[in-house]
Amino acid sequence: MNLKMNAKKMMVAILATITMVSCKKEEKPIDQPTDKSVVELSGTISGNRTLDKDSVYLLKGFVRVGEDLTLSGTPTKTGILTIRILAEGTADNPIVFTSEKGPGLKNPGDWGGVVICGKATNNFPGGSAELEGGYGAFHGGNDDTDNSGKLKYVRIEYAGIPVNPNQEINSLTLGSVGSGTLISYVQCSYGGDDAFEWFGGTVNCDHLVAYRCLDDDMDCDNGFRGNVQFVLSLKDPNLADQSGSNGFEVDNDGSGSLNTPFTSPSFSNITLIGPKQNRETTLNIQFQNLAHLRRSCKIKIYNSVGTAYPSGIFIDGTNAINAAKNNEVSNKEFCIGRC
């Protein structure tokens, strides 16, 4: 497997990993094979650097990848927020972005997450924006075929640290990422916020897994228009977010405006398994809907199945309801419950 990260001009790349080193003596400093050395990365990386599979890379604080920079190598456990990334593992040897804590000590929100900022279009006024949390992740442009690289056979675990109160980083955040980018065979597990969130862009994704993440499994905003297929999500009955946890949460934007391009992705071959394992299962009260489709969105969902949520598909707000009546919001062949 190899990992190559390439930052573009006029864009900023940051990793938000806060308090990565624990003060508890009983904790191991990092979950790693005993024959691998630990290499710390911090501050701004301003030149080319190779990351090899014989080391474990520990990112401390906000690590920024500078302009015109390439990182290449084969790390097994690390984490990064970037503009352009080429990270391709294999089915037997995936690239793993994870917490530095030892076995049995990891928790959702131990570190930041993987954030990719591209130059495709969105519906923010002016066409560009900073991702929520104010940590310097700017995205947006006018190139819908922009190539932000590749994520293939990648696991992202225990991400989702809050950079501000109620502003957590998702396991995988895609800001205005273009269709030239490949996102395939990516699993997000035990995230402290959403598993996958798209802010605008046109990237196509396939073979995704959302496993026991706290908040929404698939969150679409600000004009995302890609095609996503072959997704499995599974909820834990004890892990839910105070904001309310859904399978899908979809908005045109935060205010429900009619700004274009509309959030209108197509999802197909999706399996959503909620937290209600059986009649006796006690759920966290924050679990909500299989799909919350709201704020003027125009999502299409095909050939999919969902079960074990407190509520099914909730189309919320006049604009979303009117779009559904006009067949602009669609859940064709979406089977809920026993099918």
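Here the structure is a predicted model, which is why all the values come from computation and not from measurement. (Residues numbered from 1 in each chain as written. Predicted model: local features only at pLDDT ≥ 70, side-chain atom pairs only at ≥ 80, totals over all residues. Heavy atoms only, no water.)

### Section: the packing of aromatic side chains
Spelled out, the test is: Paired rings are identified among Phe, Tyr and Trp, the last through its six-membered ring, by centres lying within 6.5 Å, and are further divided according to the angle between planes into stacked (under 30 degrees), edge-to-face (over 60) and tilted (the rest). Helix numbering and strand numbering both begin at the N terminus, where a helix is a DSSP run of H or I of at least 4 residues and a strand a DSSP run of E of at least 2. Relative accessible area decides the class of each residue, using a 1.4 Å probe on protein chains only: under 20% of the type maximum gives buried, over 50% gives exposed, and in between gives partly exposed. Our definition puts a charge over a ring when NZ of Lys or CZ of Arg is within 6 Å of the ring centre and also within 35 degrees of the ring normal.
Within the structure shown, the criterion is met by seven aromatic pairs. Geometrically, the ring pair formed by Trp198 and Phe224 is stacked, given 5.1 Å between the ring centres and 10° between the ring planes. Taken together, the positions of Trp198 in strand β18 (residues 196-199) and Phe224 in the loop between β20 (218-221) and β21 (227-234) put the pair 26 residues apart, joining distant regions of the chain. For the pair shown, Trp198 and Phe224 are each scored as buried. Feature note: the residues Phe196, Trp198, Phe224, Phe248 and Phe267 constitute an aromatic cluster, connected by ring pairs. Lys298 extends its terminal NZ or CZ atom over the ring of Phe262, reaching a point 3.7 Å from the ring centre.

### Topic: the confidence of the model for the chain
Note the threshold: Confidence per residue, as judged by the predictor, is encoded in pLDDT with a range of 0 to 100. Residue contacts are defined here by distance: any two heavy atoms, one from each residue, within 4.5 Å place the two residues in contact.
For the chain, per-residue confidence averages 83 on the pLDDT scale, and 80% of positions sit at 70 or higher. Segment residues 1-30 is flagged for pLDDT under 50; beyond a separation of four residues in sequence, or across chains, it makes 131 contacts in the model. Contacts for the low-pLDDT stretch residues 66-79, under 50 throughout, to residues beyond four places or in other chains number 72 contacts.

### Points about the side chain of Glu197
For clarity, the threshold we go by: Within this scheme the basic residues Lys and Arg register as positive and the acidic residues Asp and Glu register as negative, but His and the chain ends are omitted. Salt bridge, as applied in this entry: a Lys or Arg side-chain nitrogen positioned within 4 Å of an Asp or Glu carboxyl oxygen.
By the element assignment, Glu197 lies in strand β18. For the buried Glu197, which has no salt bridge, the nearest side chain bearing the opposite charge is Arg294, at an N-O separation of 8.2 Å. Excluding its chain neighbours within four sequence positions, the residues that come into contact with Glu197 are Glu132, Asn170, Leu172, Thr173, Leu174, Asp219 and Asp221.

### Quick notes on the environment of Phe124
Looking at the element boundaries, Phe124 is found in the loop between β10 (114-117) and β11 (129-130). With relative accessibility at 22%, the residue Phe124 sits in the partly exposed group. For Phe124 and Gly223, which are 99 residues apart along the polypeptide, the C-alpha to C-alpha distance reads 8.4 Å. With sequence-adjacent residues up to four places away left out, Phe124 is seen in contact with Ala129, His139 and Asn222.

### Description of the nonpolar core
Keep this limit in mind: Put simply, buried Ala, Val, Leu, Ile, Met, Phe, Trp, Tyr and Cys residues joined by side-chain atoms within 4.5 Å make one nonpolar core.
Counting residues in each nonpolar core, the largest one holds 46 residues, and the members touching the most others are Ile156, Leu172, Val186, Trp198, Phe248 and Phe267. The residues touching Val186, leaving out its near neighbours within four places in the chain, are Leu151, Val154, Ile156, Leu172, Phe196, His207, Leu208 and Val209. Membership of the second largest hydrophobic core comes to eight residues, among which are Tyr135, Ala137, Ile169 and Phe199.

### Comments concerning the pairing of strand β17 (residues 182-189)
Test applied: We call two strands paired when DSSP finds no fewer than two bridges between them.
Bridge analysis of strand β13 (residues 149-157) against β17 gives seven bridges, and the strand direction is parallel. Among the inter-strand pairings, Lys152 is bridged to a residue of β17, identified as Ser184. Note that β17 and strand β19 (residues 204-211) share seven bridges and pair parallel. When the bridges of β19 are listed, Val186 appears paired with Leu208.

### Section: the pattern of salt bridges
The tally for this structure, following the rule as stated, stands at ten salt bridges. As a salt-bridge pair, Asp251 and Arg294 come within 2.5 Å of each other at their nearest N and O atoms. One end of the pair, Asp251, is in the loop between β22 (248-250) and β23 (266-273); the other, Arg294, is in strand β24 (residues 289-294), and 43 residues separate them in sequence. In this structure, Asp251 and Arg295 form a salt bridge, with 3.7 Å as the shortest nitrogen-oxygen distance. In this pair, Asp251 is assigned in the loop between β22 and β23 and Arg295 in the loop between β24 and β25 (300-302), connecting sequence segments 44 residues apart. Overall, Arg295 belongs to the partly exposed group, its relative accessible area being 33%. Taken together, the shared-partner salt bridges connect Glu249, Asp251, Arg294 and Arg295 into one network.

### Details of the pairing of β23
With seven bridges connecting them, β21 and β23 associate as parallel partners. Bridged to Asn227 within β23 is Ser266. Taken together, the three bridges between β23 and β25 define a ladder with parallel strand orientation. Counterpart to Ser268 in the pairing with β25 is Tyr302. The pairing of β23 with strand β26 (residues 304-307) spans three bridges and is parallel. What sits directly across from Thr271, in β26, is Val305.

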